[in-house]
Amino acid sequence: MTRRALGIGFIVTTSIAAVASASVRQQQPHFDHAQHAKLFVACATCHPGAGHTGSPMFPTAAACASCHDGIAVRRIAWQPPVLPRVSNLRFDHLQHAAARRQRGDTGQRCTDCHADAGAGWMLVRPPRAPQCVACHTRNTGTHLSLPDSACATCHVPLARATALPGARVAHFPAPPSHQAPDFMLAAGHGAQAKRTVGLVRVAQSCATCHARDFCASCHVNAPETVTIQALEPDPRSLLVPHVLKAPANHASSDFERRHGSLALKSVASCRSCHTQESCLTCHRAELPGPVKLLYAAGPGRGPGARTTRRAPSSHTPGWPARHGPVASASMRSCTSCHARQECLTCHKPDPASRGSYHPAAFLTRHPADAYSRASSCTDCHNTGQFCQSCHQQSGLTAKRTLLGAAGYHDGNRQFFLGHGQAARQALESCVSCHVERDCLTCHSVVRGRSFNPHGPGFDPVQMLKKNPQLCIACHGTSIPTRRTSP
Amino acid sequence: MNFRSWLLPAVAAIGIAFPARGQSWLLRFNAAAQRVQFRGVSADSVPDSLVTVTSTAGPESPDGFAANCSGNDFCYFFRPGPVLTGIPASAGVDMSLWGLGVQGLSVRVSARVYGDLSGSHAFPGTSPPFNLLEGYAEYLRDGLTVQAGRMLERGRLASVGTSGIDGMRATWRNHGDALEVGGYAGWGFARGTILTVTSPAVDPLADFQPATRQIVVGTVASLHLPRVDLSTEYRREIDPVTDYIVAERAAVTAQVRLDTHLHLVTGADYDIAQALLGSGEASLAYTGRDVWVTLGARHYRPFFDLWTVWGVFSPVPYNGVTGTVTVNPAKQLQLSANGEWFRYDNAAAGTPAVTLEDRGWRWGVSGTFTPRPSWTIGVSGHGELTPGASSEGADVRASWRPRDRLELSAEGGSLERPLELRFQDAGVRYAGGSADFHAGERWRLGVSVDRYWESRDRPDAASFDWNQWRVSGRVSVTLRSSADRWLPPARPAGTAP
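The numbers attached to residues start from 1 for each chain and follow its sequence in the written order. Working convention: letters from A go to chains and numbers from 1 go to ligands, in the order in which they are written. Given that this is a predicted model, residues contribute local features only at a pLDDT of at least 70 and side-chain atom pairs are listed and counted only at 80 or more, while totals for whole chains, interfaces and linings are drawn from all residues.

A.B. asks: What am I meant to see in the overall build of chain A here?
C.D. replies: Per the secondary structure count, chain A includes 25 helices and two strands. Scaling as 2.2 N^0.38, a compact globule of 486 residues should have a C-alpha radius of gyration of about 23 Å, whereas chain A reaches 44 Å, well beyond that. In this scheme the burial state of a residue depends on its C-beta neighbours within 10 Å: 20 or more other such atoms mean buried, 12 or fewer mean exposed, and anything in between means partly exposed; the C-beta positions come from the backbone. Going through the 486 residues of chain A one by one, you find that 29% of them count as buried. Only runs of H or I of at least four residues qualify as helices and only runs of E of at least two qualify as strands under DSSP, and these elements are numbered from the N terminus. For the radius of gyration, the atom set is restricted to C-alpha positions; the globular benchmark scales as 2.2 Å times the number of residues to the power 0.38.

A.B. asks: Whenever I open this one, the overall build of chain B confuses me. Can you help?
C.D. replies: Secondary structure assignment for chain B yields one helix and 26 strands. If one aligns the C-alpha atoms of chain B with their principal axes, the spans along those axes are about 85 × 65 × 50 Å. Buried residues in chain B amount to 35% of all 497 residues. Residue pairs in contact within chain B that sit at least 24 positions apart in sequence constitute 49% of those at least 6 positions apart. Residue pairs qualify as contacts under a 7 Å threshold applied to their C-beta atoms, which are placed from the backbone.

A.B. asks: Explanation requested: the interface of chain A and chain B in the structure shown.
C.D. replies: Interface size, as often reported, equals the accessible area lost upon joining of the parts. On the chain B side, the residues contacting the 112 residues of chain A number 137 residues. The element that contributes the greatest number of residues to the side of chain A that touches chain B is helix α19 (residues 383-393) of chain A, accounting for eight residues. A per-class count over the side of chain A that touches chain B returns 48 nonpolar, 44 polar and 20 charged. Ten residues, namely Ala, Val, Leu, Ile, Met, Phe, Trp, Tyr, Cys and Pro, are considered nonpolar, four, namely Asp, Glu, Lys and Arg, are considered charged, and the remaining ones, Gly among them, are considered polar.

A.B. asks: Explanation requested: the environment of V169 of chain A in the structure shown.
C.D. replies: All names here are of chain A. Tracing the backbone through its elements, the reader meets V169 in helix α7 (residues 166-170). Along the chain, V169 and F458 lie 289 residues apart, while their C-alpha atoms are 84 Å from each other. Contact partners of V169, with chain neighbours within four places excluded, come to L158, L164, R236, L239 and V240.

A.B. asks: So what exactly am I meant to see when it comes to the domain arrangement of chain B here?
C.D. replies: Boundaries of every domain are those given by an automatic assignment or by a domain database. Splitting chain B by domain gives domain 1 (1-47 + 78-131 + 435-484) and domain 2 (142-315). Taken together, the contact between domain 1 of chain B and domain 2 of chain B spans four residues of the former and five residues of the latter.

A.B. asks: So what exactly am I meant to see when it comes to the environment of G360 of chain B here?
C.D. replies: Note that G360 of chain B resides in strand β20 (residues 359-369). Along the primary structure G360 of chain B and V475 of chain B are separated by 115 residues, whereas in three dimensions their C-alpha atoms are 41 Å apart. For G360 of chain B, the residues in contact, after removing those within four places along its chain, are S372 of chain A together with F342, L385, T386 and P387 of chain B.

A.B. asks: So what exactly am I meant to see when it comes to unusual backbone geometry here?
C.D. replies: Each neighbour pair has its own omega, and for S127 of chain B with P128 of chain B the value is 0°, a cis peptide bond. For P128 of chain B, the location among the structural elements is in the loop between β7 (105-116) and β8 (130-141). For M122 of chain A, which is not a glycine, the phi torsion comes out positive at approximately 65°. Since 19 C-beta atoms lie within 10 Å of it, M122 of chain A is described here as partly exposed. The backbone of A275 of chain B shows a phi angle near 55°, a positive value even though the residue is not glycine. Its location among the elements puts A275 of chain B in the loop between β15 (262-271) and β16 (276-287).

A.B. asks: Explain the domain arrangement of chain A to me, please; I cannot follow it from the model alone.
C.D. replies: Here chain A is described as being made up of domain 1 (33-127), domain 2 (151-239), domain 3 (246-310 + 329-348), domain 4 (366-403 + 417-441) and domain 5 (450-486). Once you take the C-alpha centre of each, domain 3 of chain A and domain 5 of chain A turn out to be 55 Å apart.

A.B. asks: Explain the pairing of strand β17 (residues 291-300) of chain B here, please?
C.D. replies: Within a regular strand, the side chains alternate between the two sheet faces. Residues and elements named next belong to chain B. Only one face of β17 is buried: it carries W292, T294, G296, R298 and Y300, and the other face, with V291, V293, L295, A297 and H299, is open. Relative to β17, β16 runs antiparallel, the two being bridged by eight bridges. Looking at the pairing, A282 lines up with A297 of β17. Think of it this way: DSSP has to see at least two bridges between two strands before they count as a pair. Summarising the sheet, β17 and strand β18 (residues 318-330) pair through ten bridges and their orientation is antiparallel. When the sheet's bridge partners are listed, G296 is paired in β18 with T322.

A.B. asks: Where do I start with α19 of chain A in this structure?
C.D. replies: Each α-helix turn comprises 3.6 residues. Residues three or four places apart therefore point the same way. A large share of α19 of chain A lies buried, amounting to ten of its eleven residues. By the burial criterion, the buried members of α19 of chain A are T383, G384, Q385, F386, C387, Q388, S389, C390, H391 and Q393 of chain A. The secondary structure elements touched by the buried residues of α19 of chain A are α22 (427-431) of chain A together with β1 (24-47) and β5 (74-86) of chain B. Backbone geometry just downstream of α19 of chain A places G395 of chain A in the positive-phi region, at approximately 75°.

A.B. asks: Can you help me understand the pairing of strand β24 (residues 425-439) of chain B in this one?
C.D. replies: All names here are of chain B. Of the strand pairs in this sheet, strand β23 (residues 406-418) and β24 are connected by 13 bridges, and their pairing is antiparallel. Within β24, the residue paired with L406 across the bridge is F437. Between the antiparallel neighbours β23 and β24 lie six residues. Pairing analysis gives 15 bridges linking β24 to strand β25 (residues 443-457), with the strands arranged antiparallel.

A.B. asks: Explain the confidence of the model for chain A here, please?
C.D. replies: Of all residues in chain A, 90% attain a pLDDT of 70 or more, and the chain-wide mean is 82. Each residue carries a pLDDT value, the predictor's own confidence for that position, ranging from 0 to 100. Taken as a whole, residues 16-27 of chain A scores under 50 in pLDDT and shows one contact with residues more than four places along the chain or in a different chain.

A.B. asks: I would appreciate a short explanation of the confidence of the model for chain B in the present structure.
C.D. replies: Regions with low pLDDT should not have their predicted coordinates read in detail. Residues and elements named next belong to chain B. For chain B, mean pLDDT is 88; residues scoring 70 or higher make up 91% of the total. Between the elements of chain B, mean pLDDT differs from a low of 58, seen in helix α1 (residues 3-17), to a high of 96, seen in strand β21 (residues 375-385). Confidence estimates for the predicted assembly give a pTM of 0.74 and an ipTM of 0.90.

A.B. asks: Would you explain the nonpolar core in this entry?
C.D. replies: One broad rule of soluble globular proteins: the nonpolar side chains tend to lie buried together. Membership of the largest hydrophobic core comes to 33 residues, with the highest contact counts inside it found for L427 and L470 of chain A together with L306 and W310 of chain B. Elements with a minimum of two residues in this core: α18 (362-371), α21 (420-425), α22, α23 (436-440) and α25 (468-475) of chain A together with β14 (245-257) of chain B. Within the second largest apolar cluster, 20 residues are counted, among which are L158, A193, C206 and L231 of chain A. When buried Ala, Val, Leu, Ile, Met, Phe, Trp, Tyr and Cys residues are joined through C-beta atoms within 7 Å, the set is termed a nonpolar core.

A.B. asks: Just checking my understanding: could you explain the environment of P373 of chain B for this structure?
C.D. replies: Position of P373 of chain B among the secondary structure elements: in the loop between β20 and β21. A tally of 8 C-beta atoms within 10 Å means that P373 of chain B is categorised as exposed.

Here it is, written out as structure tokens:
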């Protein structure tokens, strides 16, 4: 039992020690300079590399252990850093010192950069950008207000600053130049990235914060753009806050209407941000010509600008009731956004579907709409297949007993004698219950009682010329030929 | 069903089963069914010796129905008819094939089967059981589009979805796309359906019916300028047996963008065969940021083919003025009103015996309140005081979208509909709900349940009440080849994916 308990205790203790040891190795203890102020009189004691080529920048563990031996002073777990410097500065102490010496500056001290002015001995801190800028610009500028070409003077490209954690990249400050109204345009950052100032390409400075991944997230033509391909890839660049803003002309009220012609003139501009897929958000039916010149989305190409499908300004409330004439005049405009299937959702009557075109309770309401044609019923419904067949089931069709069945129109007992006006006003409604032979019972010369059905606007000559069968149906072969009705 | 009806679906099916290199396809199935009921009338007669004449309602049958006695031995009247129940159902397939090895070549097929699950075929439109709506091949190259097969038409003279031809169509666009000209020819269909004029389904009452289909030829020319879209059409339909004209019409439509906010849309058609102006309209629309106003006028004249005699009865047109106004007084509120006043031309057939209205008007008001993006509440009212029949009613609807893909709605309303030419004041109240679910772009499901309470008020025994449940369901699924991959969901520029 005791052995077993000891064994378990050993394993547990060993495991904890191993984990703790690994943790200590990973977490470099912070060196408290101020606490050691009375021990050291020169920076070079511990940091000889700052002044001598080939010397280490940090003290060795053995050097610390000369005091921290575990007897006089507690032992510490110091190890000189071996990982790359957590910085994106392009700084070399020796080169910097040599440059200052060349300019005759021999009074240089470490505290010039590593401490506040007037600070006590060994009250040090990392150098700050304003200090660098204050010396290098003679106090004429601030860090972020420097020209966009100046970043590369002090900073290495992001892709080379491999030890820089993403959290710091995400908080890179944006220079004020990036807030200019046209900065997002090709004439803004695009032109800037292609410029050369002296012998320095501005793109090198862009690379301080940005890598190819960053540009490619907006520029769908990144694989074809030399300036972007010249940058190194680095996914951390996507952590830099960025918003793809639409150019100002995209906000104009008539942009939807004009964007086609704009695209024809400058499709290269469109394909900076848009793939064919962003056009397909609206242009679902057919691809306009300029779209075919855009790149298709695919591996290696960023998503670019995503578009939202929205109705043009003409599609105001009540548009469904008014769109017919517009669609007739400019069907091509419709088909640029609407697939035929969308039209056929309503324009293909389906007896099995709960109608979306007509309002609820339309079955009861339809006589009022139909009689005076709120809309043209026969555009979508065949009178025979739809109206007559349903009215037949409902007992609403005439059954060759016109005189007796006239009782149906009992709103006026004399209706049969005075139905002419109603018939001429709403003949399509009559036809939904009556067939031709009902009317020809009276309105026919050869088979009826010769009551003249012709009214205003009737042109017998024209009718005879176009289709004499009509005339023969009632008049037989004795068709009156005078222009006025018989 | 003839051989041609099967040919294109068969070719398309083979194409899907044995895809060629680079072939792409889009396939959409849909099915729907609904249960509906309606109740009509049933004609009856009684010997005039049995009719009693009351002091207020005139002749009545022994069981209290108002009868019409025309001087012969019998009087006629109408009893309430039986309640008819129909469960019309349909299933359709829409298919597009492209990437067939010839650039610009594609094939499109759309077909439907119909039926009535109750077996009654009480509801119209369930026969014939199969209908090929579209089936054509299309070839596009350098501004030229050629289509051959059964195709739906579009344009002022041919309603989208219910007018088509079996034939060929060619359209050419110039390089700048400003001008478009085209023509078509083939065999036509009956008006308002994709069935031939020889189909028994379009002649339920055994009226005169042509023995052969009409031949259709037509041309279309369109001009698209920065401020103007102009389209002209000509269409002639000929009876191939007699060589007589069945219909001959021309039309013009135009859209003029006077200003960013001001649009004029106008159009008219002319019946060449009868030398009559057909229907026409003009509408001037102002589209502001929070105000939309439309003023217009329209002229409506019914149109009949010349192989019916209806045209010789000289149907008269009516002329009307219309107006709509919509405002957004608050971000979450939209109010709208519309109206139309119209008057028929003189029918020249009035008699002292019968007085009929020759003018009427319509009005409508509506309000839409969106308290939260997921909620929409709409209220509307409408009225039609028109010759023949009138109606007044109000509706309310509330929609809730708890998720992007799900919408739940509840609605209700009431309607009163008096008739002018028959003693009958119909009333209906209804309440119901519906649910629509979109499972991605692929699946769409919907179901609706409504309860209707109806009444037919008359001063005699023919008045009746009846209620019904109306239930409908619909489903559609869209399948695509990988070549036409699904589009990413749209999002505003700048937002995170």
